[in-house]
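Descriptive analysis of the structure
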Amino acid sequence: MIRRVLSTIFMFVSLSGIAPRLLAKEVPFTLDDRDRLIRMETTLREFKDAVDKRFEQVDKRFEQVDKRFEQMMTFMWMLVAIFVGVTGATIGFAIWDRRSMLKPFEVKTKEIEEKIREMKEGMLTNLVYSLREMAKEDARIQDALRKFNLL
């Protein structure tokens, strides 16, 4: 058992001395690595330019869509204005037509009412005259007409 522990400790110590040397190995930077980096930078620049160009295209498309949306909203407002105008004109025409249609009836009704009033006044006048004639012969009628100041 001690042997095993000692061999384990020995292996641990020997490996711990080798391990830093294995990890500290210097990696040389070669010309191929430099060329590879240059190509990668060029590719990244091209990719960035392509992405920028694509974003510009997308921005232009958004501007076109915004312009089209604005045109559609303007058209909708025009439609609303036309609808309101037609509705207002229709209501105005209906009111005007109703008034112009009723006006002859109002004039005719006033004429008829005036004729009836004249007729009633004439009839009342004739009634008062006839009662005055009767009052000349009848005292009761004469008293009644005096009471109401008709004699």
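Every value quoted in this text rests on a predicted model; they were computed, and no experiment measured them.

About the thresholds
- The written sequence of each chain sets the order in which its residues are numbered from 1.
- Given that this is a predicted model, residues contribute local features only at a pLDDT of at least 70 and side-chain atom pairs are listed and counted only at 80 or more, while totals for whole chains, interfaces and linings are drawn from all residues.
- Hydrogens are left out, water is left out, and the side-chain values use all remaining heavy atoms of the structure.
- Strands here mean DSSP runs of E at least two residues long; helices mean DSSP runs of H or I at least four residues long; both are numbered from the N terminus.
- Buried, partly exposed and exposed residues are distinguished by accessible area as a fraction of the type maximum, computed with a 1.4 Å probe on protein chains only: under 20%, between the cut-offs, and over 50%, respectively.
- Only the protein chains shown count as covering a residue, and every accessible area follows the Shrake-Rupley method with a 1.4 Å probe.
- Each patch groups residues whose relative accessible area exceeds 30% and which form no salt bridge, using 9 Å between like charges and 5 Å between nonpolar side chains of Val, Leu, Ile, Met, Phe, Trp and Tyr.
- A pairing counts as a salt bridge when a side-chain nitrogen of Lys or Arg comes within 4 Å of a carboxyl oxygen of Asp or Glu.
- Only four residue types enter the tally: Lys and Arg on the positive side, Asp and Glu on the negative side, with His and both chain ends excluded.
- To locate a charge, the coordinates of NZ of Lys, CZ of Arg, CG of Asp or CD of Glu are taken.
- Polar contacts, as used here, are pairs of N or O atoms within 3.5 Å; protein pairs need one atom able to donate a hydrogen and one able to accept it. Residues neighboring in sequence count only if both atoms are side-chain atoms.
- Every axis corresponds to a line fitted to the C-alpha atoms, with the helix fit spanning only the stretch in contact, and the corresponding angles, defined between N-to-C directions, vary from 0 to 180 degrees.
- If an angle is under 35 degrees, it is roughly parallel; if it is over 145, roughly antiparallel; if it lies from 65 to 115, roughly perpendicular; otherwise it is oblique.
- Crossings are classed by handedness, with left-handed meaning an anticlockwise turn of the near helix from the far one by less than a right angle and right-handed meaning a clockwise turn.
- We call two residues contacting when some pair of their heavy atoms lies within 4.5 Å.
- By this rule the span expected of a helix is its residue count minus one, scaled by 1.5 Å.
- The bend at a residue is defined as the angle formed between two axes, one fitted to the seven residues ending at that residue and one fitted to the seven starting there.

Our next topic: the overall build of the protein chain. A count of helical and extended segments in the protein chain gives three helices and zero strands. Walking the protein chain from its N terminus toward its C terminus, one meets helices and strands in the order α-α-α. Within the protein chain, buried positions represent 2% of all 151 residues. About 15100 Å² of surface is accessible on the protein chain, with carbon and sulfur atoms providing 65% of the total.

To continue, consider a negative patch on the surface. A contiguous patch of negative charge on the surface is contributed by E56, D59, E63, D66 and E70. Turning to its location among the elements, D59 is positioned in helix 2 (residues 31-135).

Our next topic: a nonpolar patch on the surface. Taken together, the side chains of F69, M73, W77, V80, F83 and V84 define a hydrophobic patch exposed on the protein surface, amounting to about 690 Å² of accessible area. Residue placement: F83 occurs in helix 2. Residue class for F83 comes out exposed when judged on its relative accessible area of 60%.

Turning to helix 3 (residues 139-147), a few remarks are in order. The N-capping residue of helix 3, defined by a side-chain oxygen 3.3 Å from the backbone nitrogen of R140, is D138. N149, located one to two residues past helix 3, shows a positive phi value of around 55 degrees.

Our focus in this paragraph is the packing of helix 2 against helix 3. Between two packed helices, what matters for the description is the angle formed by their axes and the separation of those axes. Where helix 2 meets helix 3, the closest approach of the two axes is 7 Å, and the angle between their N-to-C directions is 135 degrees. In terms of orientation, helix 2 lies oblique with respect to helix 3. The handedness of the crossing between helix 2 and helix 3 comes out as left-handed. In this structure, helix 2 contributes L131, R132, M134 and A135 to the contact, and helix 3 contributes I141, Q142 and L145.

As enumerated under the stated definition, the model contains five salt bridges in all. In this structure, R36 and D33 form a salt bridge, with 3.4 Å as the shortest nitrogen-oxygen distance. Taken together, the positions of R36 and D33, both in helix 2 and three residues apart, correspond to about one turn of that helix. Linking K136 and E133 is a salt bridge whose minimum nitrogen-to-oxygen distance equals 3.4 Å. Given the relative accessible area of 66%, K136 is considered exposed. A relative accessible area of 48% places E133 in the partly exposed class.

A word on helix 2. An α-helix turns once per 3.6 residues; consequently, residues spaced three or four apart project the same way. Taking 1.5 Å as the rise per residue, helix 2 with 105 residues should run 156 Å; its terminal C-alpha atoms sit 151 Å apart, in good agreement. When the local axis directions of helix 2 are compared, the greatest deviation, roughly 25 degrees, occurs at K103, which is followed within four positions by the proline P104.

In short, geometric facts, not functional conclusions.
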